[in-house]
Amino acid sequence: MPHFTVVPVKDQTQASYDSLEGINWVDYRDTGQDSFDQQDTVSSDGHGNHKEDSPFLSSPDSDGKRNDFYDRNLALFEEELDIRPKVSSLLSRLVSYTSITQGAKEHEEEESAETSRRKTPKSPNMGTLMGVYLPCLQNIFGVILFLRLTWIVGMAGIIQSLLIVIMCCSCTMLTAISMSAIATNGVVPAGGAYFMISRSLGPEFGGAVGLCFYLGTTFASAMYILGAIEIFLKYLVPQAAIFHSTDPLGNDSTLLNNMRVYGSICLSLMAVVVFVGVKYVNKLASLFLACVIISIVSIYAGATHECSVDLKCFPCCCCRICMGNVTEPSQLWDRFCLPGNLSTAQCDDYFIQNNVTEIQGIPGLGSGVIRDNMWSDYLQKGEILEKAGLQSVEAHSPVENFLNYVSADIATSFTLLVGIFFPSATGIMAGSNRSGDLRDAQKSIPVGTILAITTTSLVYLSSVVLFGSCIEGVVLRDKFGDAVHKNLVVGTLSWPSPWVIVIGSFFSTVGAGLQSLTGAPRLLQAIAKDNIIPFLRVFGHGKTNGEPTWALLLTGLIAELGILIASLDMVAPILSMFFLMCYLFVNLACAVQTLLRTPNWRPRFKYYHWTLSFLGMSMCLALMFISSWYYAIVAMGIAGMIYKYIEYQGAEKEWGDGIRGLSLSAARYALLRLEAGPPHTKNWRPQLLVLLKLDEDLHVKYPRLLTFASQLKAGKGLTIVGSAIQGNFLDSYGEMQAAEQAIKNMMEIERVKGFCQVVVATKVREGVVHLIQSCGLGGMKHNTVVMGWPYGWRQSEDPRAWKTFINTVRCTTAAHLALMVPKNVSFYPSNHERFTDGNIDVWWIVHDGGMLMLLPFLLKQHKVWKKCKMRIFTVAQMDDNSIQMKKDLATFLYQLRIEAEVEVVEMHDSDISAYTYERTLMMEQRSQMLRQMRLSTTERQREAQLVKDRHSLVRMGSLYSDEEEEPVEVPPQKVQMTWTREKHEAEKRNRNNAPENFRELMSLKPDQSNVRRMHTAVKLNEVIVNRSHDARLVLLNMPGPPRNTDGDENYMEFLEVLTEGLERVLLVRGGGREVITIYS
């Protein structure tokens, strides 16, 4: 690592230079003490972006000096320094970085500037040995090594036991490689596996796996406590048992009850110790570690001892061995026979029919017993332990003699032993949990963890071989050491005394239980403080010093459930599932990050590959189902439920995780596939662009447009919600963001799944056109536009609303997009309403590609419209065969698989009514009058426009407004109208011509084409109102706008007449392509 020497510039500004940077300045030339400026500090904005509270000193006497300094050195970046820190400030901040308690805060929000001035952080100084290697050894070696490994070797044999050890240790080694890559990819705050998984796979996976890791650690504490109590009651103080069984077959239940009582007492005492202070647990950690090391050394010392141990005990081994003539009773005779004559004594049937002898339980390395222990000898529950390879005769013994035999307490199999042994391979996360205390975490974590796993793997492998080479098979299969005077089996092998193992294993299991009971509440507190699971927030609180009181209480309750199970062999597979789930996702996180090749993935540990991660993930999954398939399904179900809960209810977090990168890669791939061509008719669905109107306060004016969109889409397909703001982008950027947030909030309320886009344009009409042209990406572009009806256009003298509306209709037609205009949208149902009856009426007048058929079907998928029936009306002219039309339409709907009633409405030719003529005349008179009024005010508006302040505040324009600006409200004293003789004469002539204009309006004759259009609108409206006045929704073909823009206002009137008297109307205009097909 390069070394730097920092020497300040020597000039007349030296006095203020030391405090100029606003950081913790260290002068290496003098005292080495920190001197702090009291006003300029580097702080964080809470999002990982460091900023300077004040890049310049605010004292008036030093302003000139500082500005002079910046003018000469950094004048080009003066504006940047107002919002961004200098490189020296940033580097000083990073140097003083210290890891904090996991999950308490994000590491970017580590501490405030004031705290950093008051406290000098203690630099971490732990190396690989003390910080990672030894803690990992202490956590990996545990209760299984001392209490169950001999039994596993006896049941599975040496070959299968080695296979079990290799499988479990290989799984943890591959996980350690993946963990090392993640841990060396940047600074990992104290937090270990949860932090790595959550920041690599996102809050959903992180929360699910974090809780699984928490449950595994909690059940591990229960397992260690049960192991300690088993040692206490079986080997240390058997007289302490509270419950005693009078039934020889009831010993198992009695032992379980004793375990429950003493386990609960021990758990309570440990919880009190953890509550009082963790420092006492940490002080005892070295003692517990010494007990583990001494116990393991004593095993190897005893195994290599040359002399065999001649056991003065009854190993109860049943085999056929010629004993020769017996002239006097032996210990075996006294045990199995009643006192009396040797020839007539009553003996146990099994004893009589089988040759029974005493053998050495620990024959030693040179005895050749390894050949007998090579293969498995699985037993069923209640089966008597016998020497493998020798036949015996089954015989029924009296119940009172059953205590003379050692029998299997549970049925054993290879899969069961895998689940029991795997917890002895866990504990590899101990180093990453201490990353905040390490001098060089990115070096120590990989080296220390991999060395610890290598060491423990070698110990397990050698122990399997030693146990199988030194101990008789029937003694190995004796789980509780009943055949060796109720001593711990592995203890009989130790040197110099069995008590070394017994006492050492007791203290090591107690220490491991304390460590688990200490770590689990802090892990839960970290998850709670990350605020990703709402119902866990209460467990983020604790004592004033940060101790997780509530989390400790919950941990104690869950651990008590494991204590009540009371069987070490049943608790071990449970925590195996949770640890395997955690390791699986550590491998998944490494594989995803490696395959995505994200720019931030730059681990210092180079000896990893995505294939190793996938192999580790596969092994974890396989071990889960090998150990216990039903436990595996339960564990995966718990993780899945937590994942979905966080996805739907939890707080959204952006941690730059790999799942987000995976989503981006998948989206890119899918978009490139979609770009290959337009979707087939069978895959066509409306991809909506919803154009919203906002009021002056940036609130959505018609939220029922979003409600309608959500009901139509039902969560499928693409929905883009857009709006346009009138103004300049540079001045209106903040307003645009506020509008986007308002729309997003309304989308969330209305449960619209989609995207929001707001554009700023000088004219709202141009903004709408920009949205229609540019929304979407690649193949995910909108094909349907939804916009509201311009209400009040008749009453307003301003033509902008309906002109923008018609312009949007023309743009959608030119872009070959479908168009939907919900009229009277405020009467549309909300998502909470239900229509229990009623009809959705479709008036199919012209063919539009099938839009009118498809839209009711999509609406009926939503619960609001589900109970409504569909009716389709079509119009027949005089020369059409209405009966045949009805049959053909029914056949067409049958082939479309759409259930609907069909009706053909005949419209007879009729004369144009006086009402139609009068309605047309009124329409044209109104249009002419408004046109004259606008012409008479043109000059005045032009003068007002000249005095308008072009830097006035940007106003929110109506979505349906034209490019003309609104009249400017200018104070009267500031308006100066310039009058010339020509303008005065023109104004005078206009006033004189007013009566003539009025007479011209009264004598106006309507245009015949307008009369015909009005006649069609009136007749259709009469038929529709007559048949569909009580319909829940009426869908209707929307006529196209006139080619000549002079008739735009008349077009609006035609649409009004066509839809009069209908409560809910949806005007539909097709996009020029078929959207529904009869083919499969």
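Anything mentioned here points back to the structure above.
A short tour of the structure in this document, coming up. For clarity, every value in this text was computed on a predicted model and none was experimentally measured. Counting of residues starts from 1 at the beginning of each chain's written sequence and follows it residue by residue. Under the rules for a predicted model, residues below a pLDDT of 70 receive no local features and side-chain atom pairs below 80 are neither given nor counted, while totals for whole chains, interfaces and linings still include all residues. Derived side-chain values reflect all non-hydrogen atoms in the structure, with water molecules and hydrogen atoms excluded from consideration.

Focus on the overall build of the chain
Stage number 1. Secondary structure elements are defined from DSSP: runs of H or I of at least 4 residues count as helices, runs of E of at least 2 residues count as strands, and each element is numbered from the N terminus. Each helix and strand counted, the chain has 35 helices and 16 strands in total.
Stage number 2. Throughout, a contact is declared for two residues whenever any of their heavy atoms are within 4.5 Å. Within the chain, residue pairs in contact and separated by at least 24 positions form 80% of the contacts whose partners lie at least 6 positions apart.
Stage number 3. Carbon and sulfur atoms form 56% of the exposed surface of the chain, whose accessible area is close to 53,800 Å². In this description, accessible areas are obtained by the Shrake-Rupley approach with a 1.4 Å probe, and a residue is regarded as covered only by the protein chains that are shown.

Notes on the side chain of Arg477
Stage number 1. Mapping Arg477 onto the fold places it in the loop between α17 (473-476) and α18 (489-493).
Stage number 2. We define a polar contact as two N or O atoms separated by no more than 3.5 Å, with the added condition that, inside protein, one atom must be a possible hydrogen donor and the other a possible acceptor, whereas residues neighbouring each other in sequence contribute only through side-chain atom pairs. Within the structure, the side chain of Arg477 is placed 3.4 Å from the backbone oxygen of Gly154, a separation counted as a polar contact.

Some details on the packing of helix α8 (residues 149-183) against helix α22 (residues 610-627)
Stage number 1. Lines fitted to C-alpha atoms define the axes here, with helix axes fitted over just the stretch in contact, and angles between the N-to-C directions of these axes take values from 0 to 180 degrees. Close contact between α8 and α22 brings their axes to 9 Å; oriented N to C, the two are set at 140 degrees. It follows that α8 is oblique to α22 by the angle criterion. Crossing of α8 over α22 shows left-handed handedness. Two secondary-structure elements touch here, α8 through Met167, Cys168, Ser170, Cys171, Leu174, Thr175 and Ser178 and α22 through Leu612, Ser613, Leu615, Gly616, Met619, Cys620, Leu623 and Ile626.
Stage number 2. Here the nonpolar group is Ala, Val, Leu, Ile, Met, Phe, Trp, Tyr, Cys and Pro; Asp, Glu, Lys and Arg are the charged ones; every other residue, Gly included, is treated as polar. Counted by class, the contact of α8 with α22 contains 10 nonpolar, 5 polar and no charged residues. Reported orientations rely on four angle classes, namely roughly parallel under 35 degrees, roughly antiparallel over 145, roughly perpendicular from 65 to 115, and oblique for the rest. The sense of a crossing depends on the near helix, which, turned anticlockwise from the far helix by less than a right angle, makes the crossing left-handed and, turned clockwise, makes it right-handed.

Topic: the pairing of strand β12 (residues 839-844)
Stage number 1. Exposed residues in this analysis have more than 50% of their type's maximum accessible area, buried residues have under 20%, and partly exposed residues fall in between, with area computed by a 1.4 Å probe over protein chains only. In terms of residue burial, β12 counts as a mostly covered element, since 6 of its 6 residues are buried.
Stage number 2. Here β12 shows no split at all, with Asn839, Asp841 and Trp843 on one side and Ile840, Val842 and Trp844 on the other all buried.
Stage number 3. Of the strand pairs in this sheet, β12 and strand β13 (residues 869-876) are connected by 6 bridges, and their pairing is parallel. Pairing of Ile840 across the sheet is with Met870, part of β13.
Stage number 4. The handedness of the β12 to β13 crossover, carried by helix α29 (residues 851-859), is right-handed.
Stage number 5. The pairing criterion is simple: DSSP has to find at least two bridges between the two strands. Pairing analysis gives 4 bridges linking β12 to strand β15 (residues 1033-1037), with the strands arranged parallel. Within β15, the position partnered with Val842 by the bridge is Leu1035. Handedness rule for crossovers: strands pointing away from the viewer, path from the first strand over the helix to the second running clockwise, crossover right-handed.

As for helix α11 (residues 278-303)
Stage number 1. In this model α11 runs 38 Å from its N-terminal to its C-terminal C-alpha over 26 residues, within 8% of the 38 Å that 1.5 Å per residue would give.
Stage number 2. Bend, at a single residue, is the angle you get between axes fitted to the 7 residues ending at that residue and the 7 residues starting at it. In α11, a bend of some 35 degrees at Ala285 exceeds every other bend along the element. The length a helix should cover is 1.5 Å for every residue beyond the first.

Comments concerning the environment of Ile574
Stage number 1. Turning to its location among the elements, Ile574 is positioned in helix α21 (residues 568-596).
Stage number 2. For Ile574, a relative accessible area of 14% puts it in the buried group.
Stage number 3. Each C-alpha atom of the pair Ile574 and Val634 lies 9.8 Å from the other, and the pair is 60 residues apart in sequence.
Stage number 4. For Ile574, the residues in contact, after removing those within four places along its chain, are Phe219, Ile565 and Tyr631.

Considering the pairing of β13
Stage number 1. Within β13, 7 of the 8 residues are buried, which leaves it mostly tucked inside the rest of the structure.
Stage number 2. Pairing analysis gives 6 bridges linking β13 to strand β14 (residues 901-906), with the strands arranged parallel. For Thr874, the partnering residue across the bridge sits in β14 and is Val904.

Observations regarding the environment of Gly838
Stage number 1. By secondary structure assignment, the location of Gly838 is in the loop between β11 (818-823) and β12.
Stage number 2. On a C-alpha basis, the gap between Gly838 and Lys867 in space is 7.7 Å, while along the polypeptide they are 29 residues apart.
Stage number 3. Dropping the residues within four chain positions of it, Gly838 is found in contact with Cys868, Lys869 and Arg1032.

Here's the deal with helix α23 (residues 629-649)
Stage number 1. Taking 1.5 Å of rise per residue, the 21 residues of α23 would be expected to cover 30 Å, and the 30 Å separating its terminal C-alpha atoms lies within 8% of that figure.
Stage number 2. What α23 keeps buried is the set Ala632, Ala635, Ala639, Ile642 and Ile646. End-on, the buried residues of α23 take up no more than an arc of 100 degrees, which puts them together on one face. Structural note: α23 exposes Trp629, Met641, Tyr648 and Gln649 on the side pointing more than 90 degrees away from its buried face. It is the directions from the helix axis to the C-beta atoms that the arc portrays.

Concerning the environment of Phe219
Stage number 1. By secondary structure assignment, the location of Phe219 is in helix α9 (residues 193-236).
Stage number 2. Residue classification places Phe219 among the buried residues on the basis of a relative accessible area of 10%.
Stage number 3. With 337 residues separating them in the primary sequence, Phe219 and Gly556 have C-alpha atoms 10.0 Å apart.
Stage number 4. Dropping the residues within four chain positions of it, Phe219 is found in contact with Ile558, Gly562, Val571, Ile574, Leu575 and Phe578.

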